[in-house]
Amino acid sequence: MTSGNTSSPQRLGARPGITLGLRQNLAQFMLLVAVNALVGGTLGQERTVLPLLADQVFHLDLYTSALTYILAFGLAKAATNYFAGTLSDRYGRRPVLVAGWLIAIPVPLLLILGPSWAWIVAANVILGISQGLTWSTTVMMKMDLAGPSRRGLAMGLNEAAGYLGVAATALATGYIAATHGLRPGPFLLGAAFIALGLGLSVLAVKETHHHARLEAANHTVAHAGAHAELSNRDVFTLTSFRDKSLSSVSQAGLVNNLNDGLAWGLFPVLFAAAGLSIGDIGILAAVYPAVWGAGQLVTGALSDKYGRKWLIVGGMLIQAAALGMVAVGHDFGFWLAAAVLLGAGTAMVYPTLLAAIGDVAHPAWRARSVGIYRLWRDGGFAVGALLAGILADAYGIPAAVAVVAALTALSGILVAVRMRGTDHKPATSGTAPAP
């Protein structure tokens, strides 16, 4: 079933000479891969160091209090993700990307100079806004350039770059902290990433909105309710609740980042309590996103070939098993195996969820749908911080991890039951599935 839009690409706003595809847009695509690695590095400066700052510098006794920075980050990023999609549809992708880098400039200074935990929380509000703009926009721009046929590969490359950036920076900051202290050294690396990312975005990144308009001219909708002319409210309800695939993806994204928020905030504290050194904690903090990042180079392309649904289901169940291992583990070797498994499960899920959004969403409102999905997904950071903190204070960290493992398994089962089988091939007229 088509949307009824027979306008030419030029009438929709696409410029002559614009083409879709990874090969046709390789130079700009790879530049955006590099930019997203810097976006990930900006986040990675916190992964090893901030939980230790909460414990060793600010002496926060309650896990709920210590995790307020993740709560603040998650809420700020989730809300900004929504607006990033709307703003990039209205003003273009590149201005939103540049704005995100500009907003990040104060973050390292606040982390270095903050005399109280409130400064750290404020830094994470700003970082969440910045990440919502920069990461969301690089996702949208790669979708624009790649077109429909290699969307999974494009998302795999994007998320691989971002989370390898997280992993490398978590490892580097762990080494810097072990050698030179928790402040200021680790956050000077983040400041360098922000300066480089801003420079590349201003001087070299090009606008991609015209590519989305070209794709819209030839798009076949997934079902009758997913046509081009939808209001912001319609896109929100379709992505969040009404469409079986989009809503399944949204809840899985939320649960995925719920367990990532748990890993970010509580794993370093758990490992430190078991007597691990800062260096060992840095390795464990890096291995999980490293496997996650590198694995997406494979899983994104696999989802193009074999479809999205069962990669998502399998990935959620593998994450649940890995979290169960963390809950019962006591030593570096066992936790290292769990970190590898957790990274592998997340790699199966992360680019596949984004590609599934692109399968169903019309290019005319795809950026908004991606923003809404990322609102739910990154809202998981906030839910995870609250849930993990409350459970850890009441029952201990292993119990909190076990509960999140069970929720992750239930999320995978929900996807198996509810989500339509979807791949990069658009539905054809007369055979579109029901919403």
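Residues numbered from 1 in each chain as written. Predicted model: local features only at pLDDT ≥ 70, side-chain atom pairs only at ≥ 80, totals over all residues. Heavy atoms only, no water.

### Focus: the confidence of the model for the protein
Detail in the predicted coordinates should be disregarded across regions flagged by low pLDDT. Threshold: The predictor attaches a confidence to each residue, called pLDDT, with possible values from 0 through 100. Any two residues whose heavy atoms approach within 4.5 Å are treated as being in contact.
When pLDDT is averaged across the protein, the result is 85; 89% of the residues are at 70 or more. With pLDDT under 50 throughout, residues 1-14 is counted as low confidence; its partners more than four residues away or in other chains account for 29 contacts. Every residue in residues 423-435 is under pLDDT 50, and counting partners more than four places away or in other chains gives 28 contacts.

### Let's talk about helix α2 (residues 26-44)
It helps to recall that an α-helix has 3.6 residues per turn; residues three or four apart then point in one direction. What counts here: Segments assigned H or I by DSSP are reported as helices when at least four residues long, segments assigned E as strands when at least two residues long, and all are numbered from the N terminus. In a helix, the anticipated span is given by 1.5 Å times the number of residues less one. Burial classification: accessible surface area is computed with a 1.4 Å probe over protein chains only, and a residue below 20% of its type maximum counts as buried, one above 50% as exposed, and the rest as partly exposed.
With 19 residues, α2 extends 26 Å from end C-alpha to end C-alpha; this agrees with the ideal 27 Å at 1.5 Å per step. For α2, the tally of buried residues reaches 14 of 19 residues, placing the bulk of the element in the interior.

### Section: the packing of helix α9 (residues 151-180) against helix α16 (residues 332-360)
Our working rule: Where helices are involved, their axes are fitted lines through C-alpha atoms of the stretch in contact, as for all axes, and angles between N-to-C directions lie from 0 to 180°. Under this scheme an angle from 65 to 115 degrees is roughly perpendicular, one under 35 degrees roughly parallel, and one over 145 degrees roughly antiparallel; angles in between are oblique. Two helices cross in a left-handed way if the nearer one is turned anticlockwise from the farther one by less than a right angle. They cross in a right-handed way if the turn is clockwise. Three classes are used, and their members are as follows: Ala, Val, Leu, Ile, Met, Phe, Trp, Tyr, Cys and Pro are nonpolar, Asp, Glu, Lys and Arg are charged, and the others, Gly among them, are polar.
It is at 8 Å that the axes of α9 and α16 come closest, and there the two elements cross at 140°. Our classification of the angle between α9 and α16 gives oblique. The interaxial crossing formed by α9 with α16 has right-handed handedness. On α16, the residues that touch Arg151, Gly152, Met155, Gly156, Glu159 and Tyr163 of α9 are Tyr350, Pro351, Leu354, Ala355, Gly358 and Asp359. Across the contact of α9 with α16, the residue classes break down as 6 nonpolar, 3 polar and 3 charged.

### Quick word on empty space enclosed by the protein
What counts is decided by this rule: Cavities and pockets are defined on a 1 Å grid built over the protein atoms alone: a cavity is a set of grid points where a 1.4 Å probe fits but cannot escape, while a pocket is an open set with protein on both sides within 12 Å along at least five of seven lines, and lining residues are those with an atom within 4 Å of any such point. Grid points are joined across faces, edges and corners, and a volume is the space filled by probe spheres set on the points.
For the structure shown, the criterion picks out 1 cavity of 30 Å³ or more. Lining the largest cavity we find 13 residues, and of these Ala263, Phe267, Leu284, Ala285 and Tyr288 sit closest to its centre. The set of elements that each furnish at least two residues to the lining of the largest cavity consists of α13 (244-273), α14 (278-306) and α16. Its residues assigned to classes, the lining of the largest cavity shows 12 nonpolar, no polar and 1 charged.

### Concerning the packing of aromatic side chains
Counted only if it meets this: To pair, rings of Phe, Tyr and Trp, with the six-membered ring standing in for Trp, must have centres within 6.5 Å; the planes then decide the type, stacked if under 30 degrees apart, edge-to-face if over 60, and tilted in the middle.
As enumerated under the stated definition, the model contains 17 aromatic pairs in all. Taken together, a centroid distance of 5.7 Å and an interplanar angle of 80° make the contact between Tyr69 and Trp264 edge-to-face. Here Trp264 lies in helix α13 and Tyr69 lies in helix α5 (residues 68-91), a separation of 195 residues in the sequence. Exposure class is identical for Tyr69 and Trp264. Each is buried. Geometrically, the ring pair formed by Tyr82 and Phe83 is edge-to-face, given 5.3 Å between the ring centres and 80° between the ring planes.

### Here's the deal with the nonpolar core
Rule in force here: In plain words, nonpolar cores are sets of buried Ala, Val, Leu, Ile, Met, Phe, Trp, Tyr and Cys residues tied together by side-chain atoms within 4.5 Å.
Judged by nonpolar contacts, the single largest core of 110 residues is most densely connected at Trp101, Leu262, Phe267, Phe271, Leu323 and Val401. The dominant element in this core, judged by the number of residues it contributes, is α13, at 14 residues. The residues contacting Phe271, other than those within four sequence positions of it, are Leu276, Ile281, Leu284 and Trp335.

### Examining helix α15 (residues 309-328)
Taking 1.5 Å of rise per residue, the 20 residues of α15 would be expected to cover 28 Å, and the 30 Å separating its terminal C-alpha atoms lies within 8% of that figure. Residues of α15 that are buried sit in contact with α13, α14, α16 and α18 (397-418).

### What to know about the side chain of Glu46
Inspection of the secondary structure assignment puts Glu46 in the loop between α2 and α3 (49-56). Assessed through its relative accessible area of 0%, Glu46 is described here as buried. If we ignore the near neighbours within four places in the chain, the residues touching Glu46 are Pro51, Tyr69, Leu111, Asn124, Leu127 and Trp264.

### Focus: a nonpolar patch on the surface
To keep it simple, the criterion reads: Patch membership is restricted to residues that have no salt bridge and whose relative accessible area is over 30%. Joining uses 9 Å for like charges and 5 Å for the nonpolar side chains Val, Leu, Ile, Met, Phe, Trp and Tyr. Where accessible areas are quoted, they stem from the Shrake-Rupley method and a 1.4 Å probe; at the residue level, only the protein chains shown are allowed to cover. For this document, the term salt bridge refers to a Lys or Arg side-chain nitrogen within 4 Å of an Asp or Glu carboxyl oxygen.
There is a patch of nonpolar side chains on the surface, built from Leu317, Val403, Leu407, Leu410, Ile413 and Val417 and spanning about 520 Å² of accessible area. Tracing the sequence through the fold places Val417 in helix α18. For Val417, a relative accessible area of 68% gives the class exposed.

### Focus on the pattern of salt bridges
One pass over the structure, following the stated rule, counts 8 salt bridges. Its salt-bridge partner being Lys77, residue Asp378 comes within 3.0 Å of it at the nearest N-O pair. Of this pair, Asp378 sits in helix α17 (residues 366-395) while Lys77 sits in helix α5; the two residues are 301 residues apart in sequence, bridging distant segments of the chain. Since its relative accessible area comes to 1%, Lys77 is described here as buried.

### Concerning the packing of α13 against α16
Helix-helix packing is described using two parameters, namely the angle between the two axes and the distance between the axes. Running from amino to carboxyl end, α13 crosses α16 at an angle of 155°, the nearest separation of the two axes being 10 Å. For the element pair α13 / α16, the angle class is roughly antiparallel. You can see that α13 and α16 cross each other, and the crossing is left-handed. Of the residues in α16, those touching α13 at Ser245, Leu246, Val249, Ala252, Gly253, Asn256, Asn257, Phe267, Leu270 and Phe271 are Trp335, Leu342, Thr346, Val349, Tyr350, Leu353, Ala356, Ile357 and Val360. Across the contact of α13 with α16, the residue classes break down as 14 nonpolar, 5 polar and no charged.

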